[in-house]
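Descriptive structure summary
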Amino acid sequence: MPCKKTNKQNTENSDKSKLKKEYTNNSKKYVANTYARFDLVLESGNGAKLKDIEGKEYIDLGSGIGVNSIGYANKSWINAVNNQAKTLQHTSNLYYNKPYIDLAKKLCSITKYDKVFFCNSGAEANEAAIKCARKYSFDKYSKYGEYKRNKIVTLKNSFHGRTMATLSATGQEVFHNFFFPFLEGFSFAEANNYEDTVSKLEDNACAVMIELIQGEGGVIPLDKEYVQNIKKYCEENDILFIVDEVQTGVGRTGKFLCSEHFGIKPDITTLAKGLGGGLPIGAMLMDKTCSNVFNNGDHGSTFGANPIVASGALEVLNIIDKDLLKEVSKKSKYIKDKLMKLDNVESVDGIGLMLGIKLKEGLNAKEIVEKCITKGVIPLTAKTKIRLLPPLTITDKELEKAVSILCECIG
């Protein structure tokens, strides 16, 4: 009897392996070759755990690059999304609907911003911010003949998206191959260099757009004093201060907005990723300076503020409360304390549950991530670092096990 059971298991495993190969081959055959995917076909998730098509379980330390902020299969989120899907799945923005209004009200209440524009992604939120800044400047200064006051200053090593405008705003040459010519009106300053940034702002700038932690650039936080000084300069010279919080926002750093750690309130903040809990959404938050820049027809989004997505995002905001944010900071400290004891770790950068592990010279981050995956943990990479963006709701038990395996793989 045991032999029969073993044979049956072997057959099932072989069938699953064949099915996995079929899916990966079909992906390569029918889907554009834009991603270097790991050899992993994911099928389901619960909490901070994922299961692949072969039935193997993993603890997720990437959460879809920060998207699944409240983990997988959250019951209240599922109910909110399902109930809305049964009621009204979509309506044009020519009409009002309750979910997006409730979401806007709660988001503005939490962040103390005046208005919000909804779209579908971080790149679109940043596009909206670029357009808002240029229109603000045009409305205010074109009557004086200052038509050139339209430049956006971003930082070297930044990443703001893959659309043509946000790619033009991205300060990394590696993303600039192949797609010439880029949009005019962007210049790049050296991060944490006040003099260099001001020199760029003096050249007909209408706004500066920065990430407080450069995510795709390697999880590198900016200096607080630098950020505050640039903010002050912008206030004194009527230059809009835009912060891209696509990855850092919605509780990722232990505060609802990362800007709270820096003691500032930008004129515009962009959000996406974790706001939807797994559904596509982007948002541009505007203070009173910018809240009435857009008029009818100036900008739009067919799927922005979709009722189903808005209902899911509203539930995300209900879940990410003050108690959860305290837990994020507590878990961050736990991770840093464990990793910094390793001989092969040089530093752990970042804030909250957005962390980048800098390895000692000679170690390869991607190879360590691949090793982690074979042992049931899924981290990410960011340039030469291992990047951690686990669900904010990851349990202590899940985190302890994941960090233990991560430490074992780093060595």
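Because the structure is predicted, anything quoted here is derived from the model rather than measured.

**Digging into the overall build of the protein chain**
Along the protein chain, the regular secondary structure elements total 12 helices and 17 strands. Against the 2.2 N^0.38 benchmark of 22 Å for 411 residues, the protein chain shows a C-alpha radius of gyration of 22 Å, consistent with a compact globule. In terms of overall dimensions, the protein chain has a C-alpha envelope of 90 × 55 × 45 Å along the principal axes. When the 411 residues of the protein chain are sorted by exposure, 52% land in the buried category. For the protein chain, the accessible area works out to roughly 20500 Å², and carbon and sulfur atoms hold 51% of it. Between the averaged position of the 57 positive side-chain charges in the protein chain and that of its 50 negative side-chain charges there is a distance of 5 Å.

**What to know about the pattern of salt bridges**
Per the stated rule, a full pass over the model turns up 15 salt bridges. Residue Lys-98 pairs with Asp-102 through a salt bridge whose shortest N-O separation is 2.5 Å. With Lys-98 and Asp-102 both in helix α4 (residues 98–111) and four residues apart, this pair spans about one turn of that helix. For Lys-98, a relative accessible area of 60% translates into the label exposed. In this structure, a network of salt bridges that share partners links the residues Lys-20, Asp-39 and Glu-54.

**Things to note about the sheet that holds strand β16 (residues 380–382)**
Neighbouring strands of a sheet are bound in pairs by backbone hydrogen bonds; such pairs are parallel or else antiparallel. Overall, antiparallel pairing links the four strands, which are arranged β13-β14-β17-β16 in an open sheet. Strands with a single pairing partner mark the edges of an open sheet, and in this sheet they are β13 (345–351) and β16. Averaged over all pairs of adjacent strands, the angle between their axes in this sheet comes to 30 degrees, without regard to strand direction.

**Overview of the environment of Asp-244**
Take Asp-244: it is sitting in strand β10 (residues 240–244). On a C-alpha basis, the gap between Asp-244 and Ser-158 in space is 9.9 Å, while along the polypeptide they are 86 residues apart. Once residues lying within four places of it in the same chain are set aside, the contact partners of Asp-244 are Asn-126, Phe-159, His-160, Ile-210, Glu-211 and Thr-270. Polar contacts involving the side chain of Asp-244 include one to the side chain of His-160, which spans 2.9 Å.

**Some details on the packing of aromatic side chains**
If you walk through the whole model with that rule in mind, you get three aromatic pairs. Here the aromatic rings of Phe-178 and Phe-179 are separated by 6.0 Å at their centres, their planes lie at 85 degrees, and the arrangement is edge-to-face. A residue is classified by how much of its surface remains accessible, and Phe-178, at 75% relative accessible area, is exposed. Taken together, a centroid distance of 5.2 Å and an interplanar angle of 75 degrees make the contact between Phe-180 and Phe-182 edge-to-face. Above the ring of Tyr-141, the side-chain terminus of Arg-149 is found at 4.2 Å from the ring centroid. Residue placement shows Lys-366 over the ring face of Phe-38; its charged tip is 6.0 Å from the ring centre.

**Section: the packing of helix α11 (residues 365–374) against helix α12 (residues 396–410)**
Packing of α11 against α12 leaves a shortest axis separation of 9 Å and a crossing angle of 130 degrees. In this view, α11 runs oblique relative to α12, as classed from their interaxial angle. Here the hand of the crossing between α11 and α12 comes out right-handed. Residues Ile-368, Lys-371 and Cys-372 of α11 form the contact with α12, whose participating residues are Leu-406, Cys-409 and Ile-410. Per-class residue counts for the contact of α11 with α12 are five nonpolar, no polar and one charged.

**Considerations on the side chain of Ser-291**
With respect to the helices and strands, the residue Ser-291 is situated in the loop between β12 (282–286) and α9 (307–319). When sequence neighbours within four positions are dropped, the list of residues in contact with Ser-291 reads Asp-114, Lys-115 and Met-286.

**Topic: the nonpolar core**
Counting residues in each nonpolar core, the largest one holds 66 residues, and the members touching the most others are Leu-107, Phe-118, Leu-339, Ile-357, Ile-386, Leu-388 and Ile-410. In contact with Leu-388, not counting residues within four places along its chain, are Leu-61, Ile-335, Leu-339, Leu-353, Met-354, Leu-355, Ile-357, Pro-379 and Leu-406. If you look at the next biggest cluster of nonpolar residues, it comprises 28 residues, including Leu-212, Ile-213, Val-227 and Phe-262.

**Here we look at the side chain of Thr-166**
Within the secondary structure layout, Thr-166 lies in helix α6 (residues 164–169). Thr-166 sits in the buried class, given a relative accessible area of 0%. Within the structure, the side chain of Thr-166 is placed 2.6 Å from the side chain of Thr-163, a separation counted as a polar contact. Residue contacts for Thr-166: discarding those within four places in its chain leaves Ala-123, Asn-126, Glu-127, His-160 and Gly-161.

**Details of the state of the cysteines**
The full count for this structure, using the stated rule, is zero disulfides. Cys-132 provides the cysteine sulfur closest to Cys-206, a residue in no disulfide bond, and the two sulfurs are 9.8 Å apart. Counting only cysteine sulfurs, Cys-372 is the nearest neighbor of Cys-407, a cysteine outside any disulfide, at a range of 9.4 Å.

**So, the sheet that holds strand β7 (residues 205–210)**
In space, the seven strands of this open sheet follow the order β4-β12-β11-β10-β7-β5-β6, with mixed pairing throughout. Strands at the two margins of the open sheet, each flanked by one partner only, are β4 (115–119) and β6 (186–189). Within the sheet, the average angular offset between the axes of one strand and its neighbour, ignoring direction, is 20 degrees. Pairing geometry for strand β11 (residues 268–271) and β12, over four bridges, is antiparallel. Note that in β12 the partner of Leu-271 across the bridge is Ala-283. Most of the contacts of helix α5 (residues 122–141) go to β12, to which it runs at about 30 degrees, and overall it touches β4, β5 (151–155), β6, β7, β10, β11 and β12. Each of β5, β6 and β7 is contacted by helix α7 (residues 194–201), which is oriented at about 165 degrees to β6, the strand it contacts most.

Conventions adopted
- Residues numbered from 1 in each chain as written.
- Predicted model: local features only at pLDDT ≥ 70, side-chain atom pairs only at ≥ 80, totals over all residues.
- Heavy atoms only, no water.
- Helix = DSSP H or I, 4+ residues; strand = E, 2+ residues; numbered from the N terminus.
- Rg over C-alpha atoms; globule rule 2.2 N^0.38 Å.
- Buried < 20%, exposed > 50% of the residue type's maximum accessible area, 1.4 Å probe, protein only.
- Areas by Shrake-Rupley, 256 points an atom, 1.4 Å probe, with all protein chains shown as cover.
- Lys, Arg positive; Asp, Glu negative; His and termini not counted.
- Charge placed at Lys NZ, Arg CZ, Asp CG, Glu CD.
- Salt bridge = Lys/Arg side-chain N within 4 Å of Asp/Glu carboxyl O.
- Pairing = 2+ DSSP bridges.
- Axes fitted to C-alpha atoms, helices over the stretch in contact; angles between N-to-C directions.
- Contact = heavy atoms within 4.5 Å.
- Polar contact = N/O pair within 3.5 Å; in protein donor to acceptor, adjacent residues only side chain to side chain.
- Phe/Tyr/Trp six-rings, centres within 6.5 Å; stacked < 30°, edge-to-face > 60°.
- Lys NZ or Arg CZ within 6 Å of the ring centre and 35° of its normal.
- Parallel < 35°, antiparallel > 145°, perpendicular 65-115°, else oblique.
- Left-handed = near helix turned anticlockwise from the far one by under 90°.
- Nonpolar A, V, L, I, M, F, W, Y, C, P; charged D, E, K, R; others polar.
- Core = buried A, V, L, I, M, F, W, Y, C linked by side-chain atoms within 4.5 Å.
- Disulfide = S-S within 2.5 Å.

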